Amino acid sequence: MDALRFASTKIQPPRLRSARIARPRLESRLREALRQRRVVLLLAPAGFGKTCALAALLEPLEDPPAAPANALAWVSLDEDDDPQRLFACLTAALEPFDLPWRTAPEALIAQLADGEAAARRAVAELVNALAATDVAHGVIVLDDLHRVQTPALHGLLDALIERLPAQWTLVLSTRAEPPLALARLRVADELAEFGQHDLRFDADEANALALGHFAAASGEAAAVGGRIAELFERTQGWPAGLRLCLAALRSRPGAAGQAAASGAKSRIDHHVFDYLAGEVLDDMPAELHDFLLRCSVLPALTDARCAAVSGDPRTADRLDEIERRGLFVTALDAPQRTLVLHDLFREALDERLRRRLPDELPELLKRAASGEEDPLRRVGFLLRAGEFGEAEGVLADASERLLLEGGASELLRAIQQFPVDRHVRSARLHRVYATCLAHESQWVEMTVACEAAITAARACGDEAERQLAQAYLAAALRNAGREEACVALLDELRPQALGDAARAILLATECPILVSTGRQGQLPAAFAEQLDVMERGGSLFIWWMCAPSSAWASIRGMRALVERYCRGALLRVGERDLMMRADVHLLEAYTLLWAGRLDEALAGAQLATSDLHWLASWATRGANVRVFQALVDAMSGRAEPVERMLEDWLAQLAGMDAEAARHWRADIAIFAIRVLDAAGSSPESLERWGRLFANWPLDAASFEDEAPRTAAYLARIAAAEGRWPDAAALFQRLLPVATGRMESFGQVNELHLRAAHALLQCGLLDAAATALAPALQRIRSEGERGHALMAGPQVLVPLAQTRWGARLEAALREELEALAGLAVSLRESVGAQPHAADAGAAAGDGGRVPGGAGYSELSTREREVLERIAAGDSNKVIARVLDISPHTVKRHVANILDKLGLASRGQAAAWLHEHAA
């Protein structure tokens, strides 16, 4: 994530008041609990000083982040928090302590919306990082847990508590017992509980509070002294009630007694607090009173934000006075003065603001919105102000970045905050909702959302929005299998003067249709036009949505264009940890593979693999790397790892719908036959995989029109069995069909080479040269040597050793000899090449590749980071010194620990000191 998507005040612990009431008995018990228990629970109603008690305890826990002996992470919870928000807050609060993440925490946050499995993975990564953090004791505080409404968040906490490392303690502060598995903790004596009785003031503390409150006026203190016992009895030691009674006594001596008497004999409740708060507010100077009312719309009070909202030139003085009066605010430990209103006090202010200044409220909220950097919080302010149009604009502008960074669930939650009737009439909200559905591949639902967006855009006359929604609708229709409706819509849109985004989406939808309908010759021109549009100003989101297929890099005229896309995309992604970067690295690897530059291709695939592990996506996206690796294995003659991968794929079909499994099984068989044939597998192996074509036509008499892939299988089997006349006839009949329909993955050139080889075995040199020449000319002119490598040395060497004479030009004979030499060298280098798929399988989703390789395996940058770690620098310092982002530092740390087989930064520092010595 580029920025926090929550208020920074949520992770800032409170700062102690300079004048506070010492509570040694309570603090001693709390300290002991923090040292000895896994979980500490503070459970009491509002105003019992839970936050203040923790603040008094935790201040000594804080150490300089450079070499922390203890760690404190504080998170204040809110009603709309969910597992993603909690995890984001936790990782940000723990940032100063340099947790040795082995997976990007931002990626884990994004995936938490995917359900229980993602939550378990995220908790496992957090627990492992906490366990390997170089702190003696850590405390995580979750304040105001009662606000949480999401059951999934409680499930996340249960999982965290169950696996929390021994050196960490979790503190829960709440007004109501949380729905957590606390019984197990009680039985195991791992839970310390502090309730209302533990947190209430005793008589001595009540007296101390009164003396401190009236310290400036000894006469007042003497006058009220006789009332303390009565107030203490009436409030039953409720700290908030006592404070308000004392504040009311200062302004109106009779008010506190009346309020106390009006409550129940044993307590002061919420209504009495409102009454007393009113007494305190009425006693304020008018300017301070109105300042507080106006600023109460803010979640936190700072000089700049309060000045912007209230328009008061004396903001700093007002905040000084609020602190001096000891009002119900908490000062946070932040770089600039930051005060947070107590819930009860905020509610009292909010009620009074609505009653006394109702006409000002919308303008105050708009001012709060204008100073808010986070778009989702800005939307919240604007919605409360009734500025729905502006809120839509802010959300639409932010939607692309949020989707790129995995914030689809947050975006959906923001959309749901709009009134239903507003959503129905809003083209932008429907269109943003549609892009969220595209992110989840919910194509049928996306078509409905796009149609609603089109209807709404027409109703309000917004042509640009209508065209963009129609372009998205075309994409949804194609992916939903409604190609006829998609083509009709494309025909309607194509002649219109579209905006760049709509034009790019249109072209990105049209390109795969050209491939699927056998018009691959038109693809380069269409994709070049798409690139021109995107380069003219397309957002990164549009570059992501309009990415080409990895199969296109092998289509005639496409490799240079795909390389151009990769350069542009990587330039725009930069260092950001986005899934798009892994996709582009792999796409780049495919272009290098089909160019025959296998070493560079493997390096690109390893970058993609590293990205997938760091982004916790190997399980969901690693199959793409495994397909790439299978092609490399085929070119290198390694049939065994290909067989293993294919068997794994078949096993995964067990729980799939029967019809879907049938189609997938056929696709796997088609791919298997080709790569195993390239690897030099036996005819029996090819036939075994061919039997998966249970429902495919195998009649050679009609394959040209019905199933060219089946024909290719029959031809390969005939060649593998040495039935050369049959193979030659089948290949020759296949070539005209393949040229228009089998361009992807270099099949056309390979089939030409195999046809030439079969004809050569039949002694038909002229026919063999006729089949061979077009492939060699194309391979030579377009640099497509990887296509030929799929034929293997078993085909290329006999062709290269043949005396072609005038049948082939000298340049083509030279190219053929070079191809044969490259194919042979690949077989000879088996074992020396890195194997991205095996590394991925070993690493799993956590990204932990078994290490211990040593210093030589580290990159230059990783060595620099390791040296800074050994010098005691924090991630933040390393980022500043090396002029890289903190996110990049975290990833370098993960790579260092993986390669050296270590668990923590401390171990890495010790390792370097030992080996340097």
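Scroll up to find the structure.
Rules of the game
Residues numbered from 1 in each chain as written. Predicted model: local features only at pLDDT ≥ 70, side-chain atom pairs only at ≥ 80, totals over all residues. Heavy atoms only, no water. Helix = DSSP H or I, 4+ residues; strand = E, 2+ residues; numbered from the N terminus. Buried < 20%, exposed > 50% of the residue type's maximum accessible area, 1.4 Å probe, protein only. Contact = heavy atoms within 4.5 Å. Areas by Shrake-Rupley, 256 points an atom, 1.4 Å probe, with all protein chains shown as cover. Pairing = 2+ DSSP bridges. Axes fitted to C-alpha atoms, helices over the stretch in contact; angles between N-to-C directions. Arc of directions from axis to C-beta. Core = buried A, V, L, I, M, F, W, Y, C linked by side-chain atoms within 4.5 Å. Parallel < 35°, antiparallel > 145°, perpendicular 65-115°, else oblique. Left-handed = near helix turned anticlockwise from the far one by under 90°. Phe/Tyr/Trp six-rings, centres within 6.5 Å; stacked < 30°, edge-to-face > 60°. Lys NZ or Arg CZ within 6 Å of the ring centre and 35° of its normal. Nonpolar A, V, L, I, M, F, W, Y, C, P; charged D, E, K, R; others polar. Salt bridge = Lys/Arg side-chain N within 4 Å of Asp/Glu carboxyl O. Expected span 1.5 Å × (residues − 1).

(A) Spatial organisation of the overall build of the protein chain. Each helix and strand counted, the protein chain has 49 helices and eight strands in total. In the protein chain, buried positions account for 55% of the 917 residues. Restricting the contact set of the protein chain to residue pairs at least 6 apart, pairs at least 24 apart contribute 70%. Carbon and sulfur atoms provide 51% of the accessible area of the protein chain, an area that totals close to 37,300 Å².

(B) Main features of the sheet that holds strand E2 (residues 39-43). Overall, parallel pairing links the five strands, which are arranged E3-E4-E5-E2-E6 in an open sheet. Bordering the open sheet on either side are strand E3 (70-76) and strand E6 (191-194), each of which pairs with just one other strand. Ignoring strand direction, the axes of neighbouring strands in this sheet form an average angle of 15°. As paired elements, E2 and strand E5 (residues 168-174) share five bridges and run parallel to each other. Note that in E5 the partner of Leu41 across the bridge is Leu172.

(C) Here's a closer look at helix H47 (residues 875-882). Of the residues making up H47, those classed as buried are Asn875, Ile878, Ala879 and Leu882. Taken end-on, H47 shows its buried residues confined to a sector of 100°, consistent with a single buried face. Turned more than 90 degrees off the buried face of H47, the exposed positions are Lys876 and Arg880. Looking at the buried positions of H47, the neighbouring elements they touch are helix H46 (860-870), helix H48 (886-900) and helix H49 (905-916). Directly beyond the C-terminal end of H47, a positive phi value near 60° is found at Asp883.

(D) Main features of the nonpolar core. In terms of nonpolar packing, the biggest core is built from 247 residues, with Leu142, Tyr565, Met580, Leu593, Phe628 and Leu646 touching the most fellow members. Sort the elements by how many residues they give to this core and helix H31 (residues 579-594) lands first, with 11 residues. Contact partners of Leu646, with chain neighbours within four places excluded, come to Ile668, Phe671, Ala672, Leu676 and Trp689. With 23 residues, the next largest nonpolar core counts Leu34, Phe48, Val141 and Phe194 among its residues.

(E) Broad picture of the packing of helix H25 (residues 463-479) against helix H27 (residues 500-516). Orientation of H25 relative to H27, taken along the N-to-C sense of each, is 20°, at an axis distance of 8 Å. Viewed along their axes, H25 and H27 adopt a mutual orientation that is roughly parallel. The interaxial crossing formed by H25 with H27 has left-handed handedness. Side by side, H25 and H27 meet where Gln467, Leu468, Ala471, Tyr472, Ala474, Ala475 and Arg478 of the first sit next to Ala501, Ala502, Ile505, Leu506, Thr509, Pro512 and Ile513 of the second.

(F) Representation of the packing of aromatic side chains. With the rule as written, the count across this model stands at eight aromatic pairs. Among the aromatic residues, those joined into a cluster by ring pairs are Tyr590, Trp594, Phe628 and Phe745. Against the face of Trp689 rests Arg688, its NZ or CZ located 4.9 Å from the ring centre.

(G) Broad picture of the packing of helix H14 (residues 286-295) against helix H17 (residues 343-356). Remark: H14 packs on H17, axes separated minimally by 9 Å, with the N-to-C direction vectors making an angle of 100°. Taken together, the axis directions place H14 and H17 in an arrangement best described as roughly perpendicular. Between H14 and H17, the residues in contact are His289, Leu292 and Leu293 and Phe345, Leu349, Arg352, Leu353 and Arg356, respectively. Along the lines of polarity and charge, the residues of the contact of H14 with H17 split into five nonpolar, one polar and two charged.

(H) Local environment of the pattern of salt bridges. Taken as a whole and judged by the stated rule, the model has 71 salt bridges. Between Asp374 and Arg377 there is a salt bridge, and its shortest N-O distance comes to 4.0 Å. Of the charged contacts, one joins Arg559 and Glu563 as a salt bridge, the two residues approaching to 3.2 Å between their closest N and O atoms. A residue pair is termed a helical-turn pair when its members lie 3 or 4 positions apart in one helix, as Arg559 and Glu563 do in helix H30 (residues 559-573) at four residues. What makes Arg559 buried here is its relative accessible area of 15%. The structure contains a network of salt bridges with shared partners spanning Lys10, Asp78, Asp80, Asp81, Arg85, Asp144, Arg147, Arg175 and Asp343.

(I) View of the sheet that holds strand E8 (residues 339-341). Strand order in this open sheet of three strands is E1-E7-E8, and the pairing throughout is antiparallel. Edge strands, defined here as strands with exactly one partner in the open sheet, are strand E1 (14-15) and E8. Relative to strand E7 (residues 329-332), E1 is paired through two bridges, and the arrangement is antiparallel. Across the sheet, Arg15 pairs through a bridge with Ala331, a residue of E7.

(J) Inspection of H27 at higher detail. In this model H27 runs 25 Å from its N-terminal to its C-terminal C-alpha over 17 residues, within 8% of the 24 Å that 1.5 Å per residue would give. Here H27 lies mainly inside the structure; 14 of its 17 residues are buried. Directly after H27, the chain includes Gly518, whose backbone phi takes a positive value near 75°.

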